[in-house]
Amino acid sequence: MKRHLKWRQKKYQGGYQRKWWAGTVPFVLLIVSCMYMMESAGITKNTVLDAAVQSLQANLGYQAVKSCMPVLAFDAASDSGEKTIYEYLAANMDELLPIYGYARNQGQQLAMGDLGLPGEIEDSCGGGSIDALSAGLAAENEQALAAQEKLDLQGTMQETAGAAKENGTNGQSSLAASAAGEKVTRFSRQKLNDFDYLIQNFYRVDSTTTTNSKQLNAAEMLAKDMRIDKKQEGPQILIYHTHSQERFADSKDASESVVGLGDRLAELLEDTYGYQVLHHKGRYDLPDRDNAYSRAAPAVEKLLKENPGIQVIIDLHRDGVAENTRLVEKVNGKDTATIMFFNGLSHTTAQGDISYLYNPNLADNLAFSFQLQLAAAEYYPGFSRFVYLKGYRYNLHYLPKSLLVEVGAQTNTYQEVLNAMEPLADVLDKVLSGKN
């Protein structure tokens with residue numbers, strides 16, 4: 001009996017061992033085959049581990065978002081299609097986190113640095129260097145703009161020289177023609193209807209906004225009647241300064257600031273061209289420049305209510321540029337600071353149309369600045385740099401003929417910017433009287 005039990009026990013153990021080997025051999029063969037296939041495909045153990053870790057991280061990240069922000073996770077899942085939640089966040093960050101969009105816009109404005117482009121919230125026009133980085137970016141941008149302006153000016157002057165040669169004249173007679181009120185050069189109206197040509201020769205578009213051929217249609221802008229009624233009683237033109245404290249390289253006191261320029265411009269428009277002008281000298285950039293446009297708005301509204309005959313508003317500024325940049329051209333034999341017209345489009349690439357900065361007079365504002373820029377380019381080539389387009393509104397919504405103009409920069413002498421008032425007044429009269 002004992003012998004029989006031992007025999008069955010040995011048989012059992014032997015059978016168990018045979019079954020164990022029978023299961024192990026296929027498993028080992030499977031492992032070897034998998035390793036061979038992985039090696040053939042270039043898959044290593046590190047690749048497998050990396051994939052596992054990435055999968056784990058992605059799952060943990062998603063679970064974290066789902067736990068902390070379930071509404072966001074649901075929105076992403078229902079809207080993103082094949083996007084991951086991180087791609088959804090990146091695409092919708094401006095909307096989900098408004099401060100992010102604001103900070104990005106501020107960063108883009110900082111990249112323009114001291115180029116003197118006014119901002120609706122915090123204006124950088126003429127403010128000093130913020131730090132070494134923004135100063136460097138400003139210098140690079142200013143050099144790029146200056147180079148482009150030089151190319152544009154060379155093209156204009158070559159066209160002018162060709163016309164002068166055909167007429168048997170020279171550059172000096174062209175200068176005399178400008179002084180005599182004749183066009184120095186002419187731009188083809190057909191070319192102006194080419195949007196690319198128009199943008200290249202007359203505009204600079206800030207990176208924070210966009211425009212198109214429907215908005216900037218030369219034929220439509222030139223068709224608008226910008227004449228004013230000079231028989232209207234009381235002031236017809238309002239000059240004011242959102243940034244009254246802007247001065248120049250050699251300004252001695254407040255009288256040699258943009259306010260002094262306003263005095264000279266008002267004098268020329270009244271005594272030489274017969275307009276009635278109100279020069280308002282309110283200070284809206286004290287104690288600081290923040291919200292200067294918001295502080296100026298009620299005063300402008302009050303002035304318009306008290307003087308219903310006002311048909312033109314001019315907000316007179318000076319630009320801010322890199323310290324090694326000089327905005328000077330010879331105009332009628334004088335060293336003259338160049339100018340820049342400025343429009344806000346109430347539209348940014350980040351936000352689209354800005355409803356709370358709606359401007360019912362935008363089309364007329366754009367037509368007004370374009371007609372002035374064209375007149376300046378034809379009568380005083382090189383005097384007006386371009387029309388700069390940016391995203392906000394800048395209080396240009398009050399009248400169809402509202403204008404923001406930058407005269408020179410902080411690197412100009414006061415005499416240079418003062419000299420600019422004569423051609424500016426002449427260009428204004430050519431458009432406002434319909435002589436252009």
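Criteria and thresholds
- Sequence order as written defines the numbering, with residues in each chain counted from 1.
- Restriction of local features to residues with pLDDT of at least 70 applies here, the model being predicted, together with a cutoff of 80 or more for giving and counting side-chain atom pairs; totals for whole chains, interfaces and linings are based on all residues.
- No hydrogens and no water enter the side-chain calculation; it runs on all heavy atoms of the structure.
- Going along the chain from the N terminus, every DSSP run of H or I of four or more residues is numbered as a helix, and every run of E of two or more is numbered as a strand.
- Accessibility here uses a 1.4 Å probe with only protein chains present; expressed as a share of the type maximum, an area under 20% marks a residue as buried, one over 50% as exposed, and anything in between as partly exposed.
- Note on contacts: a residue pair is in contact if any heavy atoms of the two residues lie within 4.5 Å.
- For the accessible areas, the method is Shrake-Rupley and the probe is 1.4 Å, while residue cover comes only from the protein chains on display.
- Nitrogen and oxygen atoms within 3.5 Å of one another constitute a polar contact, given that in protein one can donate a hydrogen and the other can accept it, and given that sequence-neighbouring residues count only through two side-chain atoms.
- By this definition, two strands are paired if DSSP reports at least two bridges between them.
- Note on geometry: axes are C-alpha line fits, over the in-contact stretch for helices, and angles between N-to-C directions span 0 to 180 degrees.
- Helix span is expected to be 1.5 Å times the residue number reduced by one.
- Crossovers are described as right-handed under a simple rule: with the strands pointing away from the observer, the path leading from the first strand over the helix to the second runs clockwise.
- In this text, buried Ala, Val, Leu, Ile, Met, Phe, Trp, Tyr and Cys residues form a nonpolar core when linked through side-chain atoms within 4.5 Å.

Participant: Even after reading the chapter, I still don't get the overall build of the protein chain, so can you show me in this structure?
Facilitator: A count of helices and strands for the protein chain gives 16 helices and eleven strands. In the protein chain, which comprises 436 residues, the share counted as buried stands at 46%. Here the contacts in the protein chain between residues at least 6 apart in sequence split such that 77% fall between residues at least 24 apart. Roughly 23,200 Å² of accessible area belongs to the protein chain as shown, and the carbon and sulfur atoms make up 55% of that amount.

Participant: Got a minute to help me understand the environment of Asp288 in this structure?
Facilitator: Mapped onto the elements, Asp288 comes out in the loop between strand 3 (277-279) and helix 13 (292-306). For the pair Asp288 and Gln245, spaced 43 residues apart in sequence, the C-alpha separation works out to 9.8 Å. A polar atom in the side chain of Asp288 sits 3.1 Å from the backbone nitrogen of Asp290.

Participant: Is there a simple way to think about the sheet that holds strand 7 (residues 339-344) in this case?
Facilitator: Sheets are built from strands paired through backbone hydrogen bonds, the pairs being either parallel or antiparallel. Within the open sheet, the seven strands sit side by side as 1-10-7-11-4-2-3. Their pairing is mixed. Sheet topology places strand 1 (203-205) and strand 3 at the edges, where each strand pairs with a single neighbour. Sheet twist, expressed as the mean angle between neighbouring strand axes with direction ignored, is 25°. Sheet topology note: the strand 1/strand 10 (residues 384-390) ladder contains three bridges and is parallel. Its bridge partner lying in strand 10, Val205 is registered against Leu389. Each of strand 1 and strand 10 touches helix 10 (residues 195-202); the most contacted strand, strand 1, lies at about 90° to it. In the packing of helix 16 (residues 421-432) onto the sheet, contacts are made with strand 2 (237-240), strand 4 (312-319), strand 7 and strand 11 (402-409), and the angle to strand 4 comes to roughly 150°.

Participant: Help me understand the environment of Glu422 in this model?
Facilitator: Inspection of the secondary structure puts Glu422 in helix 16. On the basis of relative accessibility, which here comes to 33%, the residue Glu422 falls in the partly exposed class. Sequence separation of Glu422 and Leu269 is 153 residues, and the distance between their C-alpha atoms is 9.2 Å. Residue contacts for Glu422: discarding those within four places in its chain leaves Arg264, Leu268 and Lys334.

Participant: Even after reading the chapter, I still don't get the pairing of strand 10, so can you show me in this structure?
Facilitator: Along any regular strand the residues' side chains alternate between the sheet's two faces. Within strand 10, seven of the seven residues are buried, leaving the element largely enclosed by the surrounding structure. Strand direction decides the pairing type here: strand 7 and strand 10, joined by five bridges, are parallel. Within strand 10, the position partnered with Phe342 by the bridge is Tyr388.

Participant: I'm lost on helix 14 (residues 362-379) in this one. Help?
Facilitator: A rise of 1.5 Å per residue sets the reference length of helix 14, with its 18 residues, at 26 Å; its end C-alpha atoms lie 26 Å apart and thus fit the reference within 8%. Burial of helix 14 is extensive: 16 of the 18 residues sit out of reach of the surface.

Participant: For this particular structure, what's the right way to read the pairing of strand 2?
Facilitator: Residue alternation in strand 2 divides its side chains into two sets, Ile237 and Ile239 and Leu238 and Tyr240, and both sets are buried. In this sheet, strand 3 lies alongside strand 2 in parallel orientation, the contact comprising three bridges. Across the sheet, the residue bridging to Ile239 is His279, located in strand 3. Since strand 2 and strand 3 lie parallel, the crossover through helix 12 (residues 258-271) that links them has a hand, and here it is right-handed.

Participant: Hey, could you run me through the nonpolar core in this one?
Facilitator: The nonpolar side chains of a soluble globular protein tend to be buried with one another. The biggest cluster of nonpolar side chains holds 60 residues, and the ones touching the most others in it are Tyr203, Ile237, Leu265, Leu269, Ile314 and Leu428. Per-element accounting of this core gives the leading share, eleven residues, to helix 14. Excluding residues within four positions of it along the chain, Ile314 makes contact with Ile237, Leu238, Ile239, Tyr240, Leu265, Leu403, Val405 and Leu428. Ala297, Ala299, Val300 and Leu399 belong to the second-largest nonpolar core, a separate cluster that totals 13 residues.

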